[in-house]
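Fold and contact review
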Amino acid sequence: MTVGLESNRIIDALSRDLAAGVIAVEQHGLVVQTERLTGIAAFIKNEPGLELDYLCSITGIDCMEYFEIDYLLYSLKLNHRFTLKVRIADRSEPTVPSLTGLWLGAELQEREIFDLLGITFSGHPDMKRIFLWEGFSGHPLRKDYSHGH
C-alpha cells in the first residue's frame, strides 16, 4: 500500500526561497504559489528521499472564488504519494506554468483542463483543445458556464 508523504518532510527539505512559495500546508499536500510551482515540483521530483517521479493525475477544479489544480504525485521507488496544489484567482485569463518539462504525462491532462475549464498552461508545447472543436465557445466544466454562450 502506498503511504502519504508527510508535508513537513517536504517543507524541511525545501530551500528558504522555495519554502516561501508555500501558501498552505495539508497533511499530505502543499498549496503553492503558481510562480513557484515549477521550482518546487522539480525539487520534489529529484530530491533524494522524496523522488516523486510519477505524475499520476492532474485535476482542475472550479471552486467559484478560484480555480485549483491538483497534481497527484507518487514515488515508485519509495512507495509514497503527495499532492501539490495551486490556486488561481484570475477567472478571466487563468494561467499556470506547464509541467510537461518535468513529466511528459502532463501534456494531455493539461490540454484537457485547458479545453474544459479554460486554464492556460504557459510553456505547454501544444496548448489547444483536445475534446471540443476549435470554434467551441466557452469551457463546459466552469460553474458559470452557460449553454447560450
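Residues numbered from 1 in each chain as written. Predicted model: local features only at pLDDT ≥ 70, side-chain atom pairs only at ≥ 80, totals over all residues. Heavy atoms only, no water.

1. Let's talk about the overall build of the protein chain
Put simply, the rule reads: Counting from the N terminus, the helices are DSSP H or I runs at least four residues long and the strands are E runs at least two residues long. Here the radius of gyration uses the C-alpha set of atoms, whereas the globule reference equals 2.2 Å times the residue count to the power 0.38. Residue contacts are defined here by distance: any two heavy atoms, one from each residue, within 4.5 Å place the two residues in contact.
Looking only at helices and strands, the protein chain features 4 helices and 8 strands. Going residue by residue from the N terminus, the α and β elements of the protein chain occur as β-α-α-β-β-α-β-β-β-β-α-β. Taken against the 2.2 N^0.38 rule, which gives 15 Å for 149 residues, the C-alpha radius of gyration of the protein chain at 16 Å falls within 12% of a compact globule. Along the three orthogonal principal directions, the C-alpha set of the protein chain runs to about 50 × 30 × 25 Å. Sequence separation of 24 or more characterises 48% of the internal contacts of the protein chain that already satisfy a separation of 6 or more.

2. Let's talk about the packing of aromatic side chains
Rules: Each aromatic pair joins two rings of Phe, Tyr and Trp (for Trp, the six-membered one) with centres within 6.5 Å, and gets the label stacked for planes under 30 degrees apart, edge-to-face for over 60, and tilted for any other angle.
Inspection of every chain in the model, using the stated rule, returns 3 aromatic pairs. Between Tyr-54 and Tyr-74 the ring centres are 6.4 Å apart and the planes differ by 45 degrees, which places this aromatic pair in the tilted class. Of this pair, Tyr-54 sits in strand β4 (residues 54-62) while Tyr-74 sits in strand β5 (residues 67-75), and the two are 20 residues apart along the sequence. Clustering of aromatic rings is evident, with ring pairs tying together Trp-133, Phe-136 and Tyr-145.

3. Examining the pairing of β4
Going by this rule: A pair of strands counts as paired when DSSP detects no fewer than two bridges linking them.
Pairing analysis gives 8 bridges linking β4 to β5, with the strands arranged antiparallel. Considered in β5, the bridge of Gly-60 is made with Ile-69. From the end of β4 to the start of β5, which pair antiparallel, there are 4 residues, and Met-64 there has a positive phi angle of about 70 degrees.

4. Digging into the environment of Phe-136
As for its placement among the helices and strands, Phe-136 is situated in the segment after β8 (120-122). It is 9.5 Å that separates the C-alpha atoms of Phe-136 and Asp-115, two residues lying 21 residues apart in sequence. Once residues lying within four places of it in the same chain are set aside, the contact partners of Phe-136 are Arg-129 and Tyr-145.

5. Thoughts on the pattern of salt bridges
Keep this limit in mind: The salt bridge definition used is simple: a Lys or Arg side-chain nitrogen within 4 Å of an Asp or Glu carboxyl oxygen. Each residue gets one of three labels from its accessible area relative to the maximum for its type: buried under 20%, exposed over 50%, partly exposed in between, using a 1.4 Å probe on protein chains only.
Counting across every chain of the model gives 11 salt bridges. Salt-bridge contacts for Asp-62 lead to Arg-91; the nearest nitrogen and oxygen are separated by 2.8 Å. Remark: Arg-91 occurs in the loop between β6 (80-88) and β7 (95-97) and Asp-62 occurs in strand β4; sequence separation between them is 29 residues. Residue class for Asp-62 comes out buried when judged on its relative accessible area of 5%. A salt bridge links Arg-111 to Asp-126; the nearest nitrogen and oxygen atoms lie 3.7 Å apart.

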